[in-house]
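Examination of the molecular architecture
So you can see what is in the structure, the chains are spelled out below.
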Amino acid sequence: VSAAHAADALRRAALDAAGSSATISAFAAFVDTKHASDKHLAALTAQGIDVIHSVANARKRAEASDRALTTAMLLWLYDRGDSASVAVLASGDHDFTPLLAKLRDKRRVRIILAARLSGPGAVS
């Protein structure tokens, strides 16, 4: 799946869930830029996606990205208060499921989780 196709699908899902008058206030990718190709990073940027580099050593890379994404999502929801109605998260695993469930329950935010359906750490 190309960055353009994935970005368009996520935008459509968010706008469909929020309604026709909704706007997207943040669209970011948390990436270890040392391990991503320049072509991949350029494709994300070309789609209007903010590329956020999570600095970490090889052993803690995934954990650092998870923490950065979790913090950014919580700050986004805090800053928007009641105006936040939909959160979309695309992830290769289920690490964020407890966070999303808590946000849905406490903030009444509709959640869209796009994840792999097979393979290690897949969401079922």
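Residues numbered from 1 in each chain as written. Predicted model: local features only at pLDDT ≥ 70, side-chain atom pairs only at ≥ 80, totals over all residues. Heavy atoms only, no water.

Digging into the overall build of the protein
A tally of helices and strands in the protein yields 4 helices and 4 strands. From first element to last, N terminus to C terminus, the protein shows the α and β order α-β-α-β-α-β-α-β. For the protein, the residues scored as buried account for 23% of the 124 residues in total. Contacts spanning at least 24 positions in sequence make up 53% of the contacts within the protein whose residues lie at least 6 apart. Carbon together with sulfur atoms contributes 55% to the accessible area of the protein, which is approximately 8100 Å² in total. (Helix = DSSP H or I, 4+ residues; strand = E, 2+ residues; numbered from the N terminus. Buried < 20%, exposed > 50% of the residue type's maximum accessible area, 1.4 Å probe, protein only. Contact = heavy atoms within 4.5 Å. Areas by Shrake-Rupley, 256 points an atom, 1.4 Å probe, with all protein chains shown as cover.)

Considering the environment of glutamine 47
Assignment of secondary structure puts glutamine 47 in the loop between helix H2 (38-46) and strand S2 (50-53). Measuring from C-alpha to C-alpha, the distance between glutamine 47 and histidine 5 comes to 9.6 Å, with 42 residues separating the pair along the chain.

Description of the pairing of strand S1 (residues 28-31)
Only one face of S1 is buried, namely the one carrying Ala29 and Val31, since none of Ala28 and Phe30 on the opposite face is buried. Here 4 bridges tie S1 to S2, and the two strands are oriented parallel to one another. Bridging from a neighbouring strand, alanine 29 pairs with valine 51 of S2. Crossover S1 to S2 through H2 is right-handed. (Pairing = 2+ DSSP bridges. Right-handed = clockwise from strand over helix to strand, strands pointing away.)

Side note on the nonpolar core
Core analysis: the largest hydrophobic core is formed by 12 residues, namely Leu69, Met73, Trp76, Leu77, Ala84, Ala87, Leu89, Phe96, Leu99, Leu100, Leu103 and Val109. At the level of secondary structure, the elements contributing two or more residues to this core comprise helix H3 (61-80), strand S3 (86-91) and helix H4 (97-107). Top element by residues in this core is H3. It accounts for 4 residues. Not counting chain neighbours up to four residues away, the residues in contact with alanine 84 comprise Trp76, Leu77 and Val109. (Core = buried A, V, L, I, M, F, W, Y, C linked by side-chain atoms within 4.5 Å.)

Quick word on the confidence of the model for the protein
On average, residues of the protein score 75 in pLDDT, and 77% of them reach the 70 mark or higher. When pLDDT is averaged over each helix and strand of the protein, the minimum, 70, is found for strand S4 (residues 110-115) and the maximum, 85, for H2. (pLDDT = per-residue confidence, 0-100.)

Some details on the environment of isoleucine 52
On the secondary structure map, isoleucine 52 appears in strand S2. Measuring from C-alpha to C-alpha, the distance between isoleucine 52 and phenylalanine 30 comes to 4.8 Å, with 22 residues separating the pair along the chain.

Concerning the environment of valine 31
Locating valine 31 in the fold gives a position in strand S1. With 21 residues separating them in the primary sequence, valine 31 and isoleucine 52 have C-alpha atoms 6.0 Å apart. Dropping the residues within four chain positions of it, valine 31 is found in contact with Ala36, Leu41, Leu44, Val51, Ile52, His53 and Ser54.

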